[in-house]
Amino acid sequence: MQKKITVLPGDGIGPEVVQAAIKVLETIGEKFNHQFEFTYAKLGGVAIDDCGVPLPEETVEVCKSSDSVLLGAVGGPKWDNLPGHLRPEKGLLGIRKELNLFANLRPVSGHASLSDASTLRKEVIDGVDLMIVRELTGGLYFGEPSERREEDGEEVVVDTLYYKRSEIERIIKKAFELASVRRKKVTSVDKANVLESSRVWREVAEEVGKEYPDIELEHMLVDNAAMQLIRNPKQFDVMVTENMFGDILSDEASMLTGSLGMLPSASIGSDGPGLYEPIHGSAPDIAGQNKANPLATIASTAMMLRYSFGMQAEADAIEKAISEVLENGYRTGDIAESGKDVLNTEEMTAKVIEYLK
Ligand code: IPM
Ligand code: MG
């Protein structure tokens, strides 16, 4: 097959981890006889520096005309004091919206060999295998108004949690579809004891659930879900939730695997290119030092192969190579035990490629 991939390296460690992922994709191309064509475009701080805006029009066009998009990370202290609409993060939100990527899939499964890297006890996390399905183009992140204004001589501020029923319906359907090929359980996470938006969310989940009689549906309040994730994460299969709840819960869930540096994500819509990125940020403190853990970005390419290109065997091969590298004790700094050898970004990438071959 021939596929066009747009690469958005972004800021901080973004370019390093993306380079690692491209090397792995090239190896897959050779091994399975595919041609991947890479086109680079700018997003985030680097786009602000070079083009004056976090999401240049040209970047949107290139992404739209490709089969899939690979993203590193955006943001950094250099751009922290810019006004909201000019921040690097706005570029990321913009591209999600432009490509209509309403579903963000964040799988969390521990590698047994890494259970010592987590701050949680081994018996709590061994065997965790869950998927957070986060709504990505609505809710608090996009609702209008979102502004400061003056009322009665005082500054007031408002953000808006806005959803159309159809937007809730499509993300919950996506969760049920995913659960149907997993362990057949959906946990819908909301704050229905307080928020009207959550009460509608719950209603829609019930309605959609009726179309999937063989899948168990449970509702959980978000504060309880945060607690249950740490107390007994193995109870979860698919968790589906509103944009901001999903943002928070997925960082929390990453700790079940020991490091934020391990978790991939896929952002997909109903058609058109998907966007694949590690869930970690741009880690400006270690940028450019060849220290970053590339595994989350490499695992994100496995999700790209699986969800955008239907290449199951290729995706499995990458995931298997990552597992084997870890089982054989190879570690980057973020997941290393003290006193053990640490691989840099390039060495870790080379190991994955060695096991792939
Ligand atoms: C994430 C990130 C982003 C988000 C930021 C960088 C805007 O935290 O992908 O989880 O909040 O969605
Ligand atoms: Mg986040």
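What follows concerns the overall build of the chain. Secondary structure assignment for the chain yields 12 helices and 12 strands. Based on the C-alpha atoms only, the size of the chain along its principal axes is roughly 60 × 50 × 45 Å. Within the chain, the proportion of its 357 residues that are buried is 53%. Sequence separation of 24 or more characterises 75% of the internal contacts of the chain that already satisfy a separation of 6 or more. Carbon and sulfur atoms form 49% of the exposed surface of the chain, whose accessible area is close to 15,700 Å². Seen as two clouds, the 39 positive and the 59 negative side-chain charges of the chain have centres 4 Å apart.

Moving on, we get to the nonpolar core. Counting residues in hydrophobic clusters, the biggest one holds 61 residues, and the most contacted among them are I5, F36, L105, V133, I172, L305 and I318. Built from parts of two domains, this core gets at least three residues from each of domain 1 (1–109 + 259–357) and domain 2 (119–256). What I172 contacts, discounting residues up to four positions off in sequence, is W201, V204, A205, V208 and V240. Ranked by size, the runner-up nonpolar core spans 20 residues in total, among them V128, V189, L229 and L256.

Moving on to the environment of N193. As for its position among the elements, N193 is in the loop between strand 8 (185–190) and helix 7 (196–210). Take N193: its relative accessible area is 46%, and that puts it in the partly exposed class. Note: C-alpha distance between N193 and G10 (183 residues apart in sequence) is 39 Å.

This paragraph deals with helix 7. Between its first and last C-alpha atoms helix 7 spans 22 Å; for 15 residues at 1.5 Å apiece the expected length is 21 Å, and the two agree. All buried positions along helix 7 are accounted for by S198, W201, V204, A205, V208 and G209. Relative to the axis of helix 7, the buried residues are bounded by an arc of 135 degrees and lie together on one face. Residues E196 and K210 are exposed on helix 7 and point more than 90 degrees away from its buried face. The inward-facing, buried residues of helix 7 contact strand 5 (129–135), helix 6 (165–180), strand 8, strand 9 (216–221), strand 10 (238–241) and helix 9 (243–254).

Spatially, the 10 strands line up as an open sheet ordered 2-1-3-12-11-4-5-10-8-9, and their pairing is mixed. Since the sheet does not close on itself, it has two edges, and those belong to strand 2 (35–40) and strand 9, each with one partner. Strand after strand, the sheet turns through a mean of 25 degrees between neighbouring axes, direction not considered. Bridging between strand 11 (residues 264–268) and strand 12 (residues 274–278) involves 4 bridges; their strand directions are antiparallel. Each residue of the ladder has a partner; that of P264, found in strand 12, is P278. Sheet strands in contact with helix 8 (residues 222–231) are strand 5, strand 8, strand 9 and strand 10, and its direction is about 105 degrees off that of strand 9.

Right, let's get into the pairing of strand 11. The element strand 11 is largely enclosed, with a buried count of 5 among its 5 residues. Alternating positions in strand 11 separate into two faces, P264, A266 and I268 on one and S265 and S267 on the other, with burial throughout. Where strand 4 (residues 103–109) and strand 11 come together, 3 bridges link them in antiparallel fashion. Note that in strand 11 the partner of A103 across the bridge is I268. Taking the residues between adjacent antiparallel strands as the criterion, strand 11 and strand 12 are bridged by 5 residues, where G272 takes a positive phi near 80 degrees.

The subject of this paragraph is helix 10 (residues 295–307). When the terminal C-alpha atoms of helix 10 are compared, their 18 Å separation across 13 residues agrees well with the 18 Å that a helix rising 1.5 Å per residue should span. The buried count for helix 10 comes to 11 of 13 residues, which makes it a mostly enclosed element. Residues L295, A296, T297, I298, A299, S300, T301, A302, M303, M304 and L305 constitute the buried set of helix 10.

A few words on the site of ligand 1. Inspection of the region around ligand 1 gives E89, L92, R96, R106, R134, Y141 and D247 as its neighbouring residues. R106 places a polar side-chain atom, nitrogen or oxygen, 2.8 Å from an oxygen atom of ligand 1. One of the side-chain N or O atoms of D247 is found 2.9 Å from an oxygen atom in ligand 1. For the shell around ligand 1, the leading source of residues is helix 4 (residues 88–98), giving 3 residues. The class makeup of the residues in the shell around ligand 1 is 2 nonpolar, no polar and 5 charged. Each of two domains, domain 1 (1–109 + 259–357) and domain 2 (119–256), supplies a minimum of three residues to the shell around ligand 1.

What follows concerns the packing of helix 10 against helix 11 (residues 312–327). With their axes 7 Å apart at the nearest point, helix 10 and helix 11 run at an angle of 160 degrees to one another. Here helix 10 lies roughly antiparallel to helix 11, going by the angle between them. In terms of crossing hand, the pair formed by helix 10 and helix 11 is left-handed. Along its contact with helix 10, which presents L295, I298, A299, T301, A302, L305 and R306, the element helix 11 presents Q312, E314, A315, D316, I318, E319, I322 and L326. Along the lines of polarity and charge, the residues of the contact of helix 10 with helix 11 split into 9 nonpolar, 2 polar and 4 charged.

Here the focus is the packing of aromatic side chains. A full pass over the atoms with the stated rule returns 4 aromatic pairs. Both rings, one in F36 and one in F309, keep their centres 6.3 Å apart while their planes meet at 20 degrees; by these two values the pair is stacked. With F36 in strand 2 and F309 in the loop between helix 10 and helix 11, this pair connects stretches of sequence that are 273 residues apart. Note on F36: relative accessible area 14%, which makes it buried. By relative accessible area, which is 6% here, F309 ends up buried.

Conventions and cut-offs
- Residues numbered from 1 in each chain as written.
- Chains lettered and ligands numbered in written order.
- Predicted model: local features only at pLDDT ≥ 70, side-chain atom pairs only at ≥ 80, totals over all residues.
- Heavy atoms only, no water.
- Helix = DSSP H or I, 4+ residues; strand = E, 2+ residues; numbered from the N terminus.
- Buried < 20%, exposed > 50% of the residue type's maximum accessible area, 1.4 Å probe, protein only.
- Contact = heavy atoms within 4.5 Å.
- Areas by Shrake-Rupley, 256 points an atom, 1.4 Å probe, with all protein chains shown as cover.
- Lys, Arg positive; Asp, Glu negative; His and termini not counted.
- Charge placed at Lys NZ, Arg CZ, Asp CG, Glu CD.
- Core = buried A, V, L, I, M, F, W, Y, C linked by side-chain atoms within 4.5 Å.
- Domains from an automatic or database assignment.
- Expected span 1.5 Å × (residues − 1).
- Arc of directions from axis to C-beta.
- Pairing = 2+ DSSP bridges.
- Axes fitted to C-alpha atoms, helices over the stretch in contact; angles between N-to-C directions.
- Near = heavy atom within 4 Å.
- Polar contact = N/O pair within 3.5 Å; in protein donor to acceptor, adjacent residues only side chain to side chain.
- Nonpolar A, V, L, I, M, F, W, Y, C, P; charged D, E, K, R; others polar.
- Parallel < 35°, antiparallel > 145°, perpendicular 65-115°, else oblique.
- Left-handed = near helix turned anticlockwise from the far one by under 90°.
- Phe/Tyr/Trp six-rings, centres within 6.5 Å; stacked < 30°, edge-to-face > 60°.

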